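Here is what each chain is made of, one letter per residue.
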Amino acid sequence: EKGTYPHFMLKEIDEQPFVMRKIIQKYQDENNHLKLDGDIRRAMQTCDRVYIIAAGTSYHAGLVGKQFIEKLSNIPVEVHVASEFSYNMPLLSDRPLFVFISQSGETADSRSVLVQIKEMGHPALTITNVPGSTLSREADYTLNLHAGPEIAVASTKAYTAQMAVLAILAVDTARAKEIALDFDPMQELAIAANAMESLTDQKETFDELVRDNFGTTRNAFFIGRSTDYFVCLEGALKLKEISYIQAEGFAGGELKHGTLALIEEDTPVIALATQENVNDSIRSNVQEVAARGANAMVISMHGLEQDTDAFVIPHVHELLTPLVGVVPMQLLAYYAALHRGCDVDKPRNLAKSVTVE
Ligand code: F6R
């Protein structure tokens, strides 16, 4: 039920810190050890490459998941859009492990890949919000997102839950492989949950940002580098699916290779800057678009802010910045849709679970 919320989407955005805490609780025992199914641990330990298969928002979570698994557990990862996989099937490694990421567990494009790779005899793990769903039943292993029912068509809490569970999977694998980590992952996740909460407590700020910068624009751009780029892809998808503003997320460095031509007076450009090593480069992108009249908005992480007009989000561990960086984007999309009178929870032409290919 929506309770006092005007829309499920807003309620689900607000639930994200609680979902993080629930995931920590579900995946940690009383001695603060991770409790993951031993079979999943062995599957991760014995594979020589992970193939992540997903669609839409879940694909965007997979892009971040690749970084977790490669950086923490040292296993190479490929991420594939489910509907494209069979057209150009990658050359598979000797011991592949397929990881399906799906909130609903019913996405037909992902299922057809699952059927195909099962016929080839490869193991599969499904990360889903619906244990018992088709993708969960037909895979060898399941990890539960514990996000609670997601009703709004636009995925919010399932996306952040997917990234959190992927981080836990990567940490568990690192531990099994005796790779030392120089931070306490569960503590960092708890810090990220608090950071998310401080953002959902500042909703009016995003409402105002939309009023001040979006006007009647027909298009908007999200720019970021490194991990922020993946979050920008998700920010653009959120905005377009519920507000019908044409939105594009791209790597800051690609701006000068074409997209800069589209920047006009008052075009909204949202720049995400949460990574120290790309902070200066993304700032110069912001200057480039601002010089052409764009309404540039910088979302910066505490400690990296340079502009007085940047919206500053709390500092979290550098691997976990997507969990926090996406919240402003979800809220911007929400208010943009609201101000345009769109049906926030049920955008036109879209279904919550896409059971046709
Ligand atoms: C966007 C959105 C979709 C889904 C996609 C995959 O907000 O919800 O892009 O992410 O249809 O759905 P699942 O995760 O159920 O496989």
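Refer to the structure above for everything that follows.
Here the structure is a predicted model, which means the values were calculated and not measured. (Residues numbered from 1 in each chain as written. Predicted model: local features only at pLDDT ≥ 70, side-chain atom pairs only at ≥ 80, totals over all residues. Heavy atoms only, no water.)

A. Molecular detail of the sheet that holds strand 10 (residues 311-313). The sheet built from five strands is open, its strands ordered 7-6-8-9-10 with parallel pairing. What marks the edges here is a single partner per strand, and that holds for strand 7 (246-251) and strand 10. Pairwise comparison of adjacent strand axes, ignoring direction, gives a mean angle of 20° for this sheet. Pairing geometry for strand 8 (residues 268-273) and strand 9 (residues 295-301), over six bridges, is parallel. Looking across to strand 9, one finds that A271 is bridged to V298. Against the sheet, helix 10 (residues 203-213) touches strand 8, strand 9 and strand 10, its axis set at about 155° to strand 9. (Pairing = 2+ DSSP bridges. Helix = DSSP H or I, 4+ residues; strand = E, 2+ residues; numbered from the N terminus. Axes fitted to C-alpha atoms, helices over the stretch in contact; angles between N-to-C directions. Contact = heavy atoms within 4.5 Å.)

B. Layout of the pattern of salt bridges. Summed over the entire model, instances satisfying the criterion amount to 15 salt bridges. With a closest N to O distance of 3.0 Å, E15 and K11 form a salt bridge. Across the pair R41 and D172 runs a salt bridge whose closest N-O atoms are separated by 2.7 Å. Of this pair, R41 sits in helix 3 (residues 38-46) while D172 sits in helix 8 (residues 157-176), and the two are 131 residues apart along the sequence. Taking the relative accessible area as the measure of exposure, D172 reaches 4% and is therefore buried. (Salt bridge = Lys/Arg side-chain N within 4 Å of Asp/Glu carboxyl O. Buried < 20%, exposed > 50% of the residue type's maximum accessible area, 1.4 Å probe, protein only.)

C. Quick peek at the packing of helix 11 (residues 227-243) against helix 13 (residues 321-339). Direction vectors running N to C along helix 11 and helix 13 enclose 20°, while the axes themselves pass 9 Å from each other. Here helix 13 runs roughly parallel to helix 11, going by the angle between their axes. Our pair here, helix 11 against helix 13, has a crossing hand that is right-handed. Two secondary-structure elements touch here, helix 11 through T227, D228, V231, C232, E234, G235, K238, L239, I242 and S243 and helix 13 through T321, P322, G325, V326, M329, L332, A333, Y334, A336 and A337. (Parallel < 35°, antiparallel > 145°, perpendicular 65-115°, else oblique. Left-handed = near helix turned anticlockwise from the far one by under 90°.)

D. The arrangement of the packing of aromatic side chains in detail. By the definition in use, this model includes seven aromatic pairs. Aromatic side chains Y51 and F98 sit 5.2 Å apart centroid to centroid with 20° between the ring planes, which places their arrangement in the stacked category. Remark: F98 occurs in strand 3 (residues 96-102) and Y51 occurs in strand 1 (residues 49-54); sequence separation between them is 47 residues. Neither residue differs from the other here; Y51 and F98 are each classed as buried. Relative to F98, the ring of F85 has its centre 5.9 Å away and its plane inclined at 85°; by these criteria the two rings are edge-to-face. Here F85, found in helix 5 (residues 82-85), pairs with F98, found in strand 3; they are 13 residues apart in sequence, far enough to count as distant. Of the two residues, F85 and F98, both sit in the buried class. One aromatic cluster in this structure is built from Y51, F85, F98 and F100. Looking at R21, its charged tip hangs above the ring of F18, at a distance of 5.5 Å from the centre. R348 extends its terminal NZ or CZ atom over the ring of Y244, reaching a point 3.7 Å from the ring centre. (Phe/Tyr/Trp six-rings, centres within 6.5 Å; stacked < 30°, edge-to-face > 60°. Lys NZ or Arg CZ within 6 Å of the ring centre and 35° of its normal.)

E. Local environment of the environment of Y27. Position of Y27 relative to the elements: it lies in the loop between helix 2 (16-26) and helix 3. For the pair Y27 and D280, spaced 253 residues apart in sequence, the C-alpha to C-alpha distance is 37 Å. The contacts of Y27, once residues within four sequence positions are left out, are H33, L34, K35, L36, L143, N144, H146, V165, I168 and M186. A distance of 2.8 Å separates the side chain of Y27 from the backbone oxygen of N144, its partner in a polar contact. (Polar contact = N/O pair within 3.5 Å; in protein donor to acceptor, adjacent residues only side chain to side chain.)

F. Layout of the pairing of strand 2 (residues 77-81). A large share of strand 2 lies buried, amounting to four of its five residues. As paired strands, strand 1 and strand 2 are joined by five bridges and run parallel to one another. Each bridged residue has a counterpart across the sheet, and for A54 the counterpart in strand 2 is V81.

G. Region of interest: the environment of G249. One can find G249 in strand 7. Using a relative accessible area of 14% as the deciding quantity, one classes G249 as buried. It is 22 Å that separates the C-alpha atoms of G249 and Q306, two residues lying 57 residues apart in sequence. When neighbours within four sequence positions are excluded, G249 is seen to be in contact with F222, Y229, C232, L233 and A236.

H. Highlighting the sheet that holds strand 1. In space, the five strands of this open sheet follow the order 2-1-3-4-5, with parallel pairing throughout. At either margin of the open sheet sits one strand with a lone partner, and together these are strand 2 and strand 5 (141-144). For this sheet, the mean inter-axis angle between neighbouring strands, taken without regard to orientation, is 20°. With five bridges connecting them, strand 3 and strand 4 (residues 124-128) associate as parallel partners.

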